[in-house]
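Chains, contacts and geometry: an overview
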Amino acid sequence: MKPARSASSATLVSRTTAVEEPSFAAAFETLPSPRTTWSAPDDALVIGGGAAATLTASGPDRFAAIRTASEELFSAGDVHAGTEAARPRVFGGFAFHEGACAGDPWSPFPEARFVLPRVQLTLADNGAWLTVTDVGADASPDAVETRLEREVDRLAALGEGDEDAHGDPRRPPRPGISRQRRTTSREAWHESVSAAVERIRGGELRKVVLAQALEADLAADFPRAATVERLAEKYPDCHRYCFEPDDGESVFFGATPERLVSLRGRTVETDALAGTTGRGETPAEDEWLAEELLADEKNVHEHTLVAETVREQLEPYAASISAGERRVRRLATVQHLHTPITAELDADRHVIELVEALHPTPAVGGLPPTQALETIHETEPFDRGWYAAPVGWIDAAGNGAFAVAIRSAVASRRRATLFAGVGVVADSDPDREWDEIQLKYRPILDELEDGGERREERSSRDGGERREERSSRDGEAGGAGDAGDSDPSEGRGSY
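Residues numbered from 1 in each chain as written. Predicted model: local features only at pLDDT ≥ 70, side-chain atom pairs only at ≥ 80, totals over all residues. Heavy atoms only, no water.

The subject of this paragraph is the overall build of the protein chain. Along its length, the protein chain carries 12 helices and 24 strands. Burial analysis of the protein chain (495 residues in total) assigns 59% to the buried set. Expressed as a percentage of contacts within the protein chain between residues at least 6 apart in sequence, the contacts between residues at least 24 apart total 77%. Summed over all atoms, the accessible surface of the protein chain reaches about 19300 Å², with 45% contributed by carbon and sulfur. (Helix = DSSP H or I, 4+ residues; strand = E, 2+ residues; numbered from the N terminus. Buried < 20%, exposed > 50% of the residue type's maximum accessible area, 1.4 Å probe, protein only. Contact = heavy atoms within 4.5 Å. Areas by Shrake-Rupley, 256 points an atom, 1.4 Å probe, with all protein chains shown as cover.)

And the structure:
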């Protein structure tokens, strides 16, 4: 293991002031690299630029190393946050497994990396806040306050952003795709899924999640700010994230509904979200589909499996665990079985302890975990990198929030690599799982392709396929049987 590396272990100095809210795109474009964005349904939107400190680690102990480095970073500080939402936090993520960042497009991303933004704009319920932070032997309140004044002036000069005749933000168009390349051929996929099914039927596995990667050459430059904004508008109930590596030449971004864990004090919140069906075209059909989902034996079994696994992973840390009533959670195009899970810890703990305990979830790895990960290593011809791994933030108290980085891609100026996966179970069909993979690329592809009419036609066609196939496959475990889930709002068991 390489020990966690920090830019400095000296005193942290941070100052915050209230500001007028600028447009997202204007703020994003004016901030220095590396840039970070984070937003969740229960959290403020944060846009960070530059790095006052960077924590990196690799190897099997990368979780513990990041925890230690973050504790050292926050051990001494002179912080005037103004509001809790603008407090200093480090933002970043981990690789799915050791060695997962060895090849393209992941080489600029360490196996664990968290950044304390030098300049941070926080858009919270109580207003907009601008923060400047410095770390190091030369960090001083006077210097930080002077820098904050300059950043306030620069932000004020940005204005409210360009708008069209309807008052909507004027954005660059989607770049378009000139060419696509698959890392896995259909023949290779058929062999891999068939082999996994045999291992499951033989008792070696209960489930394994296999993924593919899709490389897309872009016809125009990738518009980072506009893409993040569009994802936020389409998927407001998802966790949205954007992480640039140190060189700023690429970006890992996405919109995921999968909360891995949040910790505040000793209170833990997580979810079991598995079992999927579509939305009805009328309220009556919607309700019928929901009732059918609640009664479906295979979907209920998979959901129960996920919920029990989450509880088992939390038990060593918890004084008590409680699960809410299983219910149907309705999202834009799908409905899921959902069980909220909360826990009270038996002692003060760091959020990274829980992240390490819960990753990988059954939705992105499989069961048993060790055998599932071995199958993934043997089968997938690409590096997962940060895909399907924990991304989120940590604060000085050891609190934090992490999501599972699905519905995601890595993009550079003229290329994007997209990722999608499916859960393979005993009765999985390779052709149907192939079709589901293609549909799960859609949330990100829709932000890359130009030509709205083509997307609308495809959406209509996919909807018809979903309705036809649902009647025979909506009970398949972990969402693996619902080939129509192209919405990022899919949860555990379907990524």
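Now for the packing of aromatic side chains. The final tally for this structure, using the stated rule, is 16 aromatic pairs. A centroid spacing of 5.2 Å and a plane angle of 65° characterise the contact between tryptophan 106 and phenylalanine 252, whose relative ring orientation is edge-to-face. Of the two residues, tryptophan 106 sits in the loop between strand 7 (89–94) and strand 8 (112–116) while phenylalanine 252 sits in strand 14 (residues 251–256), which places them 146 residues apart along the sequence. The pair tryptophan 106 / phenylalanine 252 is uniform in exposure class, with both members buried. Within the aromatic cluster, the residues linked to one another by ring pairs are Trp106, Phe109, Tyr241, Phe243, Phe252, Phe382, Trp386, Tyr387 and Phe419. If you follow arginine 384 out to its NZ or CZ, it ends over the ring of phenylalanine 96, 4.5 Å from the centre. (Phe/Tyr/Trp six-rings, centres within 6.5 Å; stacked < 30°, edge-to-face > 60°. Lys NZ or Arg CZ within 6 Å of the ring centre and 35° of its normal.)

Bringing the packing of helix 4 (residues 186–201) against helix 10 (residues 430–440) into the picture now. Closest axis-to-axis distance for the helix 4/helix 10 pair is 9 Å, and the angle between their directions is 120°. If you check the angle between helix 4 and helix 10, you find them oblique. Helix 10 is crossed by helix 4, and the crossing has right-handed handedness. On helix 10, the residues that touch Arg186, Trp189, His190, Val193 and Ser194 of helix 4 are Pro430, Asp431, Glu433, Trp434, Asp435 and Ile437. Considering only residue class, the contact of helix 4 with helix 10 consists of 5 nonpolar, 2 polar and 4 charged. (Axes fitted to C-alpha atoms, helices over the stretch in contact; angles between N-to-C directions. Parallel < 35°, antiparallel > 145°, perpendicular 65-115°, else oblique. Left-handed = near helix turned anticlockwise from the far one by under 90°. Nonpolar A, V, L, I, M, F, W, Y, C, P; charged D, E, K, R; others polar.)

With that out of the way, let us pick up the pattern of salt bridges. On inspection of all chains with the given rule, the structure shows 36 salt bridges. For arginine 171, the salt bridge is made with glutamate 229, and the minimal N-O distance between the two is 3.2 Å. With a gap of 58 residues between them, arginine 171 in the loop between helix 3 (141–156) and strand 11 (177–182) and glutamate 229 in helix 5 (residues 224–234) connect regions that are remote in the sequence. For glutamate 229, a relative accessible area of 14% translates into the label buried. Here aspartate 221 ties to arginine 413 by a salt bridge, and the two come within 2.8 Å at their closest N and O atoms. (Salt bridge = Lys/Arg side-chain N within 4 Å of Asp/Glu carboxyl O.)

Turning next to helix 2 (residues 62–73). With 12 residues, helix 2 ought to run about 16 Å at 1.5 Å a step, and its terminal C-alpha atoms sit 16 Å apart, in line with that. Those residues of helix 2 not exposed but buried are Arg62, Phe63, Ala65, Ile66, Ala69, Ser70 and Leu73. Viewed end-on, helix 2 has its buried residues packed into an arc of 160°, placing them on one side of the element. (Expected span 1.5 Å × (residues − 1). Arc of directions from axis to C-beta.)

So, on to helix 9 (residues 369–379). Among all positions in helix 9, only Ala372, Thr375 and Ile376 are buried. Down the axis, helix 9 shows its buried residues gathered within 100° of arc, on one side only. For helix 9, the exposed residues lying more than 90 degrees away from the buried face are Thr370 and Glu378. For helix 9, the secondary structure elements touched by its buried residues are helix 4, strand 12 (207–218) and strand 20 (366–367).

Another aspect to go through is the environment of serine 412. For serine 412, the position within the fold is in the loop between strand 23 (408–411) and strand 24 (415–424). Here serine 412 falls in the partly exposed class, since its relative accessible area comes to 27%. Through-space distance from the C-alpha of serine 412 to that of glutamate 244 is 10.0 Å; in sequence the pair is 168 residues apart. If we skip the residues at most four places from it in the chain, serine 412 touches Leu218, Phe222, Glu249 and Ser250.

In this fold, aspartate 450 is placed in the loop between helix 11 (442–445) and helix 12 (452–473). A sequence separation of 231 residues divides aspartate 450 from alanine 219, and the C-alpha atoms of the two residues are 9.5 Å apart.

Before going further, it helps to spend a moment on the confidence of the model for the protein chain. For the protein chain, the average pLDDT comes to 87, and 86% of its residues sit at 70 or higher. Taken together, the stretch residues 453–457 has pLDDT below 50 and engages in 5 contacts with residues farther than four places along the chain or on a different chain. Note that residues 459–494 has pLDDT below 50 and, in this model, 116 contacts with residues that lie over four places away or in other chains. (pLDDT = per-residue confidence, 0-100.)

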